[in-house]
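Inside the fold
Listed here are the chains, written in short residue letters.
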Amino acid sequence: MTTTATTDPPAQGAADRRRWLALAVVMTASFMDLVDVTIVNIAMPNIQKDIGASFSILQWITEGYALAFAAGLITGGRLGDIYGRRKVFLLGMTGFTLASVLCGVAGDPQLLVASRVLQGATAALMVPQVLAIVHATFPAHERGKVFGMFGAVVGLGAVSGPILGALLTQWNLFGLEWRPIFLVNLPVGIIGLIMGRKYITESRAPQAMKLDLVGVVLATGGLLMLLYPLTQGRENDWPLWGNLCMAGSALVFAAFVAYERHKTRKDGSPLVELSLFKVKSFAAGIGVEIAFGIACGIFFMIWTLYMQIGLGWSPLRAGLTGIPFSIGVSVAAGISVQKLVPRFGRKVLQAGALAMMAGVVLYIWESEHYGTGIHPWQMALPLTVMGIGMGLIVAPLTETVIAKVPREHAGSASGLINTTQQLGNAVGLALVSVAFFDALDEKAMAQGRAGLAFADAFRHGMWWVAAVLAVVLVLMFALPRKAAPAGPASAEAAAEPAHAPAAAH
């Protein structure tokens, strides 16, 4: 295939209907990635029973994916710029499909975690190419329509993922229990690869930044030093090595910052553009992204465990219970971007944080009031309120955070935002050990009162969620009061669909 730089395609290219088939392929890849994250949580209890996974293994099944995805996002984007978006996209899709098969056939917990890490790493090759391919394939006047389609895909992934996961688990196809939630990616991936090779046109960046593999190693190493003992510490009675490891992660992060400064001076291709943090609103926005990811990482994990293990609900019942939440997110997201944010600015995001906090507190009250006899319809109100709050935040957040970022750095800023979303989620999943599992009354569980024990731990974890959302609310005061009108570069960066917290868990 011919190679093109990242510029508007010529008029005859815009008339080529093959580009819509290429769009279908990259949108399918995005949908696979989104659904794969949302689909897993609902099957957690079945995975635990089938392969004897410990609670920390359950954390790593989702945390390993999020960490590998976050660590590889920026590097994956640069690999596409250097070696070709089509080539790296197809490589990532191949790896993602094979990793899905490995997840589906895994017979022990460690292999499943390793396969999930591989899935996250290959998704980090695949996902960053999607909008770059769109940019190289569609003329500027058609991209608004395309980005609108991506918004619909994100919403569809948020709604369909948990329900699809519940159905595939509940149906127990061919006696495979939970395994079809991963194996379903095999036929989809094969079709996507065949169509992608045929219809996606190759493109590269005219002046791609160099790889910063040392930066990737330092950042990933520091995160592992923090997250591994945080996740495993409870099962090992919080050993000394874990505390030393977490303390040592600060030194590794300091070395990372020092190296990024050196890399900037050396060739101008750091993994993280540190100069972005001189923009106060961007620095605060990154804090919002991380804290919001932490809150979501905690909530979606403990919510699943509460419903399925604590209350003993089936995967389908638990999945259907989340429908009011997904609808609330989708409806509020559309209204916030189109109607509210242009008029009220950051107040909309602050109202979203307050609504989520209100929904969390209401959920805590209902869990205490109704006990283990609570019904799905009684959860509908707090979940709807939480969903509306989340929708008010996630849709306009990226554009608000990059509002004062120089136009030439909008792409880098957007990549960093998506990365920090995933990092926050990984940290939140690690904190489940403290926020939830540490609060489990083992004596009550041994006496056959697991429902009460899980309900108490759920409420304890939800107070953690409320506290982190309070931090989100405070940090939002440093965001711009109103997002400046976005130029072409920043508009496309802001339009990039968030992988994460809202849709993904």
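Our subject in this report is the structure included herewith.

Observations regarding the packing of helix α2 (residues 18–41) against helix α6 (residues 109–126)
Where α2 contacts α6, the two axes come as close as 11 Å, and the packing angle between them is 150 degrees. Overall, the two elements α2 and α6 adopt an arrangement that is roughly antiparallel. Helix-helix and strand crossings are classified by hand; for α2 and α6 the assignment is left-handed. Where α2 abuts α6, its residues A29, D33, D36 and V40 lie against R116, Q119, A123 and M126. Among the residues forming the contact of α2 with α6, the class breakdown is four nonpolar, one polar and three charged.

Thoughts on the nonpolar core
In this structure, F282, Y363 and F436 are the most contacted members of the largest nonpolar core, which totals 106 residues. Considering every element that reaches this core, the biggest residue donor is helix α13 (residues 280–310), with 17 residues. The contact partners of F282, leaving out residues within four places of it in the chain, are L276, F277, V401, V405, A413, L416 and I417. Core analysis: the next-biggest nonpolar cluster, separate from the first, contains 32 residues, V26, L34, L73 and M93 among them.

Focus on the side chain of E273
Looking at the element boundaries, E273 is found in the loop between α12 (240–267) and α13. R78 provides the closest opposite charge to the buried, salt-bridge-free E273, at an N-O distance of 6.4 Å. Among the polar contacts made by the side chain of E273, one reaches the side chain of S275 at a distance of 3.0 Å.

Observations concerning helix α7 (residues 129–137)
Here α7 lies mainly inside the structure; eight of its nine residues are buried. Every buried residue of α7 is listed here: Q129, V130, L131, A132, I133, V134, A136 and T137.

Focus: a positive patch on the surface
Taken together, R343, K347, R481 and K482 make up a surface patch of like positive charges. Assignment of secondary structure puts R481 in the loop between α20 (450–475) and α21 (488–495). The exposure class of R481 is exposed, given its relative accessible area of 61%.

Things to note about the packing of aromatic side chains
Here the structure, examined in full by the defined rule, presents 19 aromatic pairs. Ring geometry for F55 and F437: centres 4.6 Å apart, planes at 25 degrees, overall stacked. Pair noted here: F55 is in helix α4 (residues 55–83) and F437 is in the loop between α18 (410–435) and α19 (442–446), with a separation of 382 residues, a long-range link. For F437, a relative accessible area of 3% corresponds to the buried category. Arranged with centres 6.2 Å apart and planes meeting at 50 degrees, the rings of W303 and F325 form a pair that is tilted. Of this pair, W303 sits in helix α13 while F325 sits in helix α15 (residues 323–344), and the two are 22 residues apart along the sequence. Since its relative accessible area comes to 7%, W303 is described here as buried. Owing to a relative accessible area of 4%, F325 belongs among the buried residues under this scheme.

Rules used in this analysis
Residues numbered from 1 in each chain as written. Predicted model: local features only at pLDDT ≥ 70, side-chain atom pairs only at ≥ 80, totals over all residues. Heavy atoms only, no water. Axes fitted to C-alpha atoms, helices over the stretch in contact; angles between N-to-C directions. Helix = DSSP H or I, 4+ residues; strand = E, 2+ residues; numbered from the N terminus. Parallel < 35°, antiparallel > 145°, perpendicular 65-115°, else oblique. Left-handed = near helix turned anticlockwise from the far one by under 90°. Contact = heavy atoms within 4.5 Å. Nonpolar A, V, L, I, M, F, W, Y, C, P; charged D, E, K, R; others polar. Core = buried A, V, L, I, M, F, W, Y, C linked by side-chain atoms within 4.5 Å. Buried < 20%, exposed > 50% of the residue type's maximum accessible area, 1.4 Å probe, protein only. Lys, Arg positive; Asp, Glu negative; His and termini not counted. Salt bridge = Lys/Arg side-chain N within 4 Å of Asp/Glu carboxyl O. Polar contact = N/O pair within 3.5 Å; in protein donor to acceptor, adjacent residues only side chain to side chain. Patch = residues over 30% accessible without salt bridge, like charges linked within 9 Å, V, L, I, M, F, W, Y side chains within 5 Å. Areas by Shrake-Rupley, 256 points an atom, 1.4 Å probe, with all protein chains shown as cover. Charge placed at Lys NZ, Arg CZ, Asp CG, Glu CD. Phe/Tyr/Trp six-rings, centres within 6.5 Å; stacked < 30°, edge-to-face > 60°.

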